[in-house]
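Spelled out, the chains give:
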Amino acid sequence: AVVSTQSTGVEEACTCLLDILERDCKNDRVTVPLFKTLELLLNNVILEEKQGNSFAARFTALTKKEVHGSGNVAKLLAALNPLSSCVQFPENRPVLSQTMLLLCHRYPRVRKGMADSLYTALITFDDAIGRCEEVVAILESTVWEDPSDIEVLRAKRNEICTLLGVPVPKKTGKKVERVQQTTSEQFDSYSDLVGRAGY
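Here the residue numbers are simple positions, counted from 1 along each chain's written sequence. Side-chain atom pairs in this predicted model are given and counted only at pLDDT of 80 or more, local residue features only at pLDDT of at least 70, and totals for whole chains, interfaces and linings cover all residues. Based on all heavy atoms of the structure, the side-chain values leave hydrogens and waters out of the count.

*Asks:* Help me understand the overall build of the protein in this model?
*Replies:* The helix and strand inventory of the protein stands at nine helices and zero strands. Shown N-terminal to C-terminal, the secondary structure of the protein runs as helices and strands in the order α-α-α-α-α-α-α-α-α. When a residue's accessible area, from a 1.4 Å probe over protein chains only, is under 20% of the maximum for its type it is buried; when over 50% it is exposed; and in between it is partly exposed. For the protein, the residues scored as buried account for 41% of the 199 residues in total. Only the protein chains shown count as covering a residue, and every accessible area follows the Shrake-Rupley method with a 1.4 Å probe. Counting only carbon and sulfur atoms, one obtains 55% of the accessible surface of the protein, whose full area is about 11,400 Å². A run of H or I in DSSP becomes a helix once it reaches four residues, and a run of E becomes a strand once it reaches two; helices and strands are each numbered from the N terminus.

Below, the structure is given as structure tokens:
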């Protein structure tokens with residue numbers, strides 16, 4: 001009975017946090033700390049398989065929506081660890097597909113952050129995927145923050161996709177660069193970069 005009660009409590013907590021993420025979509029003051037809370041939750045709570053699969057599916061979908069088109073570096077980086085932690089659950093293909101998109105993000109720090117986070121998750125949950133050692137080797141040996149040739153990085157990413165058995169992200173036609181970031185996003189991104197530079 002105790003186990004059942006604890007399981008129910010964890011499930012309710014997960015649902016509550018995801019409800020907040022959905023309700024406050026694009027509200028960075030809420031979603032950035034929420035991503036960090038979810039990271040702590042996934043690092044310290046063991047979810048049953050059914051709970052984990054359900055959580056991962058919904059969290060991945062909400063995260064994809066939340067980070068799409070965002071220029072807020074702090075938010076993008078905060079999303080990486082909880083996303084990577086979801087590879088531990090059996091039905092992890094949507095999670096892996098989303099990590100592959102972020103692995104070739106336009107921001108070098110996000111690419112490196114995604115590679116580091118996924119590397120750590122795969123080392124921790126080494127039975128989560130097949131051919132784990134090969135994937136980890138590519139993640140470790142590639143300079144993901146290298147801005148010189150994104151096509152080289154895409155080739156490495158696509159190699160990982162093949163190993164994981166997930167679709168290679170399709171390259172969309174060249175679009176005019178979006179300048180529709182909100183003032184808040186622009187300010188937060190600049191503040192984050194300046195803060196990390198030590199100014």
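*Asks:* I would appreciate a short explanation of the nonpolar core in the present structure.
*Replies:* One broad trend across soluble globular proteins is that nonpolar side chains are buried collectively. For our purposes a nonpolar core is just a set of buried Ala, Val, Leu, Ile, Met, Phe, Trp, Tyr and Cys residues, chained together by side-chain atoms within 4.5 Å. One finds Phe-55, Phe-59, Leu-122, Leu-139 and Ile-160 to be the most contacted residues of the largest nonpolar core, which totals 52 residues. Secondary structure elements with two or more residues in this core: helix H1 (2-23), helix H2 (28-44), helix H3 (49-67), helix H4 (73-85), helix H5 (93-102), helix H6 (108-124), helix H7 (132-141) and helix H8 (150-164). No other element matches the seven residues that H4 contributes to this core. Filtering out sequence-adjacent residues up to four positions away, Phe-55 remains in contact with Cys-14, Leu-18, Leu-38, Leu-42, Leu-47 and Cys-86. Residue contacts are counted whenever heavy atoms from the two residues lie within 4.5 Å of one another.

*Asks:* Is there a simple way to think about the state of the cysteines in this case?
*Replies:* In a disulfide, the sulfur atoms of two cysteines are held together by a covalent bond. In what follows, a disulfide is any cysteine sulfur pair within 2.5 Å. According to the stated counting rule, one finds zero disulfides in the structure shown. No disulfide involves Cys-104; its nearest neighbouring cysteine sulfur is the one of Cys-161, lying 8.4 Å away.

*Asks:* Whenever I open this one, the side chain of Asn-72 confuses me. Can you help?
*Replies:* Relative to the helices and strands, Asn-72 resides in the loop between H3 and H4. Residue Asn-72 is classed as buried on the basis of its relative accessible area, which comes to 2%. In the analysis that follows, any N or O atom pair within 3.5 Å is treated as a polar contact, provided that within protein one partner can donate a hydrogen and the other can accept it, and provided that, for residues neighboring in sequence, both atoms belong to side chains. Polar contacts involving the side chain of Asn-72 include one to the main-chain amide nitrogen of Ala-74, which spans 3.1 Å.

*Asks:* What is the right way to read the environment of Thr-99 from this model?
*Replies:* As for its position among the elements, Thr-99 is in helix H5. In the structure, Thr-99 is positioned 16 residues away from Ala-115 in sequence and 8.5 Å away in space, judged by C-alpha atoms. Ignoring any residue separated from it by four or fewer positions in sequence, one finds Thr-99 in contact with Leu-83, Met-114 and Leu-118. Of note is the side chain of Thr-99, whose polar atom sits 2.7 Å from the backbone oxygen of Leu-96.

*Asks:* Please clarify how the packing of H3 against H4 should be interpreted in this entry.
*Replies:* How two helices pack is summed up by the angle between their axes together with the distance between the axes. To define axes, lines are fitted to C-alpha atoms, for helices over the stretch in contact only, and angles between the resulting N-to-C directions are given on a 0 to 180 degree scale. Between H3 and H4, the shortest axis-to-axis distance is 11 Å and the interhelical angle comes to 165°. Accordingly, the angle class assigned to the pair H3 and H4 is roughly antiparallel. With respect to the hand of their crossing, H3 and H4 are arranged in left-handed fashion. On the side of H3, the interface is formed by Phe-59, Thr-60, Thr-63, Glu-66 and Val-67, while H4 contributes Lys-75, Leu-76, Ala-79, Pro-82 and Leu-83. Under the scheme applied here, ten amino acids are nonpolar (Ala, Val, Leu, Ile, Met, Phe, Trp, Tyr, Cys and Pro), four are charged (Asp, Glu, Lys and Arg), and all others, including Gly, are polar. Considering only residue class, the contact of H3 with H4 consists of six nonpolar, two polar and two charged. Under this scheme an angle from 65 to 115 degrees is roughly perpendicular, one under 35 degrees roughly parallel, and one over 145 degrees roughly antiparallel; angles in between are oblique. The crossing is said to be left-handed when, going from far helix to near helix, the turn is anticlockwise and less than a right angle, and right-handed when the turn is clockwise.

*Asks:* Just to check I follow, could you spell out H4 for this structure?
*Replies:* Side chains of residues three or four places apart in an α-helix project in the same direction, reflecting 3.6 residues per turn. Among the 13 residues of H4, eleven are classified as buried, and the element is accordingly described as predominantly covered. Turning to H4, its buried residues number three or more, namely Val-73, Lys-75, Leu-76, Leu-77, Ala-78, Ala-79, Leu-80, Pro-82, Leu-83, Ser-84 and Ser-85. The N-cap residue of H4 is Asn-72: its side-chain oxygen and the backbone nitrogen of Ala-74 are 3.1 Å apart.

By themselves, these figures tell us nothing about what the structure is for.
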